[in-house]
Amino acid sequence: MFHNHALSGKAWPDSLSSMASLTEPAAFVLAALADQPLHGWGITAEVELLSAGQVALRVGTLYGLLDRLTAEGLVEPDREELHAGRTRRYHRLTDAGRRALEAEAVRQEANARALRARLRVRPA
Amino acid sequence: MSAVPTLEDRYRRLLRALPEPARSRWADEMTDTYLTATCAHDPEFAEFGSPDLADRLDVWGLALRLRLGGPGSSARASLTGATVRWVALLGTLAAAAPAALAQLARTLDPGPPWVTGWHVPFNTLAAVLAVAVFGCLVHGSVVARATAGALLALHLFAAITTSAPIGSTVAFLLPAAVPLLAALAVDPVRVDRPGWWWAGALGALLLVGGLPYLSLLAPVWLTSDAVAAVGLTVVGAVAVVRTAAPAAGAVAVLGLLTLPVLLLPLVVGGGPAGYVAVQAGAVALLAATTVVCAVTAVRAVRRLPSPRT
C-alpha cells in the first residue's frame, strides 16, 4: 500500500539507497563511520567534531537513525563490548553506505559549485 | 531503607517507554551513551542527576515512531502505523469531500447577500486546508504535518469559541481532530497509487453530492452524516472482503468516532418520522460496519507474532 520498506521488511535495493539524498544527520553518521566502527557515544562525539558543533545528535534520534540506516543496508552491526556492565554495540559502514555517502558528497559539491558560480555574477 | 535511584536508574525507567523489540536491543546501550554524554565533565551528576526534558521528549518521540511502524519496530507496530495512516487518509478524505463540495456550491451560487460573517472565510480556509492535507498525505509531502496542524488549530479555535453545548461540540470535534492527529503522528510517505486515492476522492464527492440529490427526487431524509455512514460501509466492506486489516481498522476507528454524531439528533429527540428513521438506520448500519471491521482488524493483529517472541 505505502512506500514503506518497514512494512514489507525489505531493505532498499543498493542502487536506490545510493541515489536517494541523505538527511544532514544521516550523512554525518555515515561519515563518522567511514574510517572505523563506532558505538553510540563514539558516533555522537565524532558527528559533533565533524560538523564543528553544528549537528548535535540526541540519543533517541541517533538510535532511530541507526535503525533506519541498518534497515536500508547502509550500516551494519560490527561487534559488542561490555563497558561498566553495559553492552556497547559497534556499527560499521557497508559498501552501500560508502556509495551513498560518496553520492551525497558529489551532490553537495555540485550544489556548492552552483552557488559559488552565482556569487561570481556581478549585478549589472 | 530503600536505595536512592541513580541517574542510570532514571534513564532505564525513561527507556521503558520504548516498545519491544527495540527496548531489548537498545536500552542497555542507550543508557551507556546517555551516562557517557552527561557525566563526562561532571561525575557527580551520575548520583543525583535526572534526564532533562529534551531527553524525555526525544525518547518519547522515538517510542511513538517505533509504535507506528518506524524502522526497527515489530510487525504489530507496522500494522498499527499503517492503520493510523489509513485513519489520516480516510478521515481527511471524509472531511475534504463535503467541505470542497460546499465551497463549489457556494462559488456557483453565492446565496443571498446577507449571508456574511467571519464563518464564511473561516469555512473557505478550512475547506482549502482539508483538501491540502489530503493531497499532502497522498503524495507524502513534507508539509503534511504543517497543514494538518494548521487545520487542527482552526478546528480547536472553532470548538473553543462556539456557543454550542459541550457534548455536541466534542462529538463533532473528534471525527475532525483525530484524523489530523493521525496525520501529525505518521511520517509523510507517498501512497503507492495516488491516482486511486484521487479517484476515491472524486467518488466521495459524487456520493456526498449525489445521494442527497437523489433523496430530493424520492423524498428520503439523507443527511450528510447518513452519507458518511454509507461511505464508511462501502470502504469497510471492501476492506473486510480483501482482508485489508489496516483499512478495516481505520474504518472501525472512524465508525466509532462518527457514531456519536449520528446518535446525537436521536438523543436530543424531535424531527419528522422519516428523518428519525433514516438516522436510526444509519446508526445501525455504521454500528454493524464498525463491529465487523474491528473484528477483522483484531484477528489480523492476533495472527502476527508478539513483539516479545
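From a predicted model like this one, the values you see are computed outputs, not experimental measurements. (Residues numbered from 1 in each chain as written. Chains lettered and ligands numbered in written order. Predicted model: local features only at pLDDT ≥ 70, side-chain atom pairs only at ≥ 80, totals over all residues. Heavy atoms only, no water.)

Q: What am I meant to see in the overall build of chain B here?
A: Along its length, chain B carries 12 helices and zero strands. When each of the 309 residues of chain B is scored for burial, the buried share is 40%. When contacts within chain B are restricted to residue pairs at least 6 apart in sequence, long-range pairs at least 24 apart make up 74% of them. (Helix = DSSP H or I, 4+ residues; strand = E, 2+ residues; numbered from the N terminus. Buried < 20%, exposed > 50% of the residue type's maximum accessible area, 1.4 Å probe, protein only. Contact = heavy atoms within 4.5 Å.)

Q: Got a minute to help me understand the overall build of chain A in this structure?
A: Looking only at helices and strands, chain A features six helices and two strands. Counted from the first residue to the last, chain A has its helices and strands arranged as α-α-α-α-α-β-β-α. Taken over 124 residues, chain A has a buried fraction of 39%. Within chain A, contacts between residues at least 6 apart in sequence are counted, and of these 54% link residues at least 24 apart. When the accessible surface of chain A is split by element, carbon and sulfur atoms take 54% of a total near 7200 Å². (Areas by Shrake-Rupley, 256 points an atom, 1.4 Å probe, with all protein chains shown as cover.)

Q: Help me understand the interface of chain A and chain B in this model?
A: Often, the extent of an interface is quoted as the loss of accessible area on bringing the components together. Contact with chain A, which involves 28 residues of that partner, is made by 35 residues of chain B. For the pair chain A and chain B, the summed buried surface comes to about 2800 Å²; carbon and sulfur atoms form 56% of the total. Connecting chain A to chain B are four salt bridges. With its nearest N and O atoms 3.8 Å apart, the salt bridge here joins Asp52(B) to Arg58(A). The tally of links from chain A across to chain B stands at 13 residue pairs in polar contact (both at pLDDT 80 or more). (Buried area = accessible area lost by both parts, 1.4 Å probe. Salt bridge = Lys/Arg side-chain N within 4 Å of Asp/Glu carboxyl O. Polar contact = N/O pair within 3.5 Å; in protein donor to acceptor, adjacent residues only side chain to side chain.)

Q: Whenever I open this one, the packing of aromatic side chains confuses me. Can you help?
A: Aromatic ring pairs are defined here through the distance separating the ring centres and the angle between the ring planes. Under the criterion given, the structure shown has five aromatic pairs over all chains. Here Tyr11(B) and Tyr34(B) contribute two aromatic rings whose centre-to-centre distance is 4.2 Å and whose plane-to-plane angle is 10°, an arrangement assigned as stacked. Linking Tyr11(B) in helix H1 (residues 7-15) with Tyr34(B) in helix H2 (residues 22-39), this pair joins segments that are 23 residues apart in sequence. Linked through ring pairs, Trp86(B), Phe134(B), Trp197(B) and Trp198(B) together constitute an aromatic cluster. The ring of Tyr90(A) carries the charged tip of Arg79(A) above its face, separated from the ring centre by 3.9 Å. (Phe/Tyr/Trp six-rings, centres within 6.5 Å; stacked < 30°, edge-to-face > 60°. Lys NZ or Arg CZ within 6 Å of the ring centre and 35° of its normal.)

Q: How do you make sense of the packing of H2(B) against helix H4 (residues 53-67) of chain B when you look at a structure like this?
A: A packed helix pair is summarised by two numbers, namely the angle formed by the two axes and the spacing between the axes. All names here are of chain B. At their nearest, the axes of H2 and H4 sit 13 Å apart, and the two run at 165° to each other. With respect to H4, the axis of H2 lies roughly antiparallel. Where H2 crosses over H4, the handedness of that crossing is right-handed. Contacts from Ala22, Met30 and Tyr34 of H2 reach H4 at Asp55, Asp58, Val59, Leu62 and Leu66. When the residues that make up the contact of H2 with H4 are grouped by side-chain class, the tally is six nonpolar, no polar and two charged. (Axes fitted to C-alpha atoms, helices over the stretch in contact; angles between N-to-C directions. Parallel < 35°, antiparallel > 145°, perpendicular 65-115°, else oblique. Left-handed = near helix turned anticlockwise from the far one by under 90°. Nonpolar A, V, L, I, M, F, W, Y, C, P; charged D, E, K, R; others polar.)

Q: What should I look at first to understand the pairing of strand E2 (residues 86-93) of chain A in this one?
A: In the case of a regular strand, side chains alternate between the two sheet surfaces. Residues and elements named next belong to chain A. A large share of E2 lies buried, amounting to seven of its eight residues. In terms of strand pairing, strand E1 (residues 75-83) meets E2 through eight bridges, oriented antiparallel. Bridge pairing links Leu82 to Thr87 in E2. (Pairing = 2+ DSSP bridges.)

Q: How should I be thinking about the UniProt feature "transmembrane region" (unreviewed entry) in chain B in this particular structure?
A: As recorded in UniProt, the feature "transmembrane region" (unreviewed entry) lies at residues 86-105, 117-137, 142-160, 166-184, 196-214, 220-241, 248-268 and 274-298 of chain B. The distance separating the terminal C-alpha atoms of residues 142-160 of chain B is 29 Å; by composition the span is 89% helix and 0% strand. (UniProt positions renumbered as here; feature names shortened; annotations may be inferred.)

Q: Quick question: what am I supposed to make of unusual backbone geometry here?
A: Outside of glycine, negative phi angles account for most residues, and trans bonds account for most peptide bonds. The linkage connecting Glu20(B) with the following residue, Pro21(B), adopts the cis geometry, with an omega of 5°. You can see Pro21(B) is positioned in the loop between H1 and H2. In the Ramachandran plot, Ala52(A) falls in the positive-phi region, its phi being about 55° despite a non-glycine side chain. Structurally, the position occupied by Ala52(A) is in the loop between helix H4 (40-50) and helix H5 (59-71). Given a relative accessible area of 63%, Ala52(A) falls into the exposed group.

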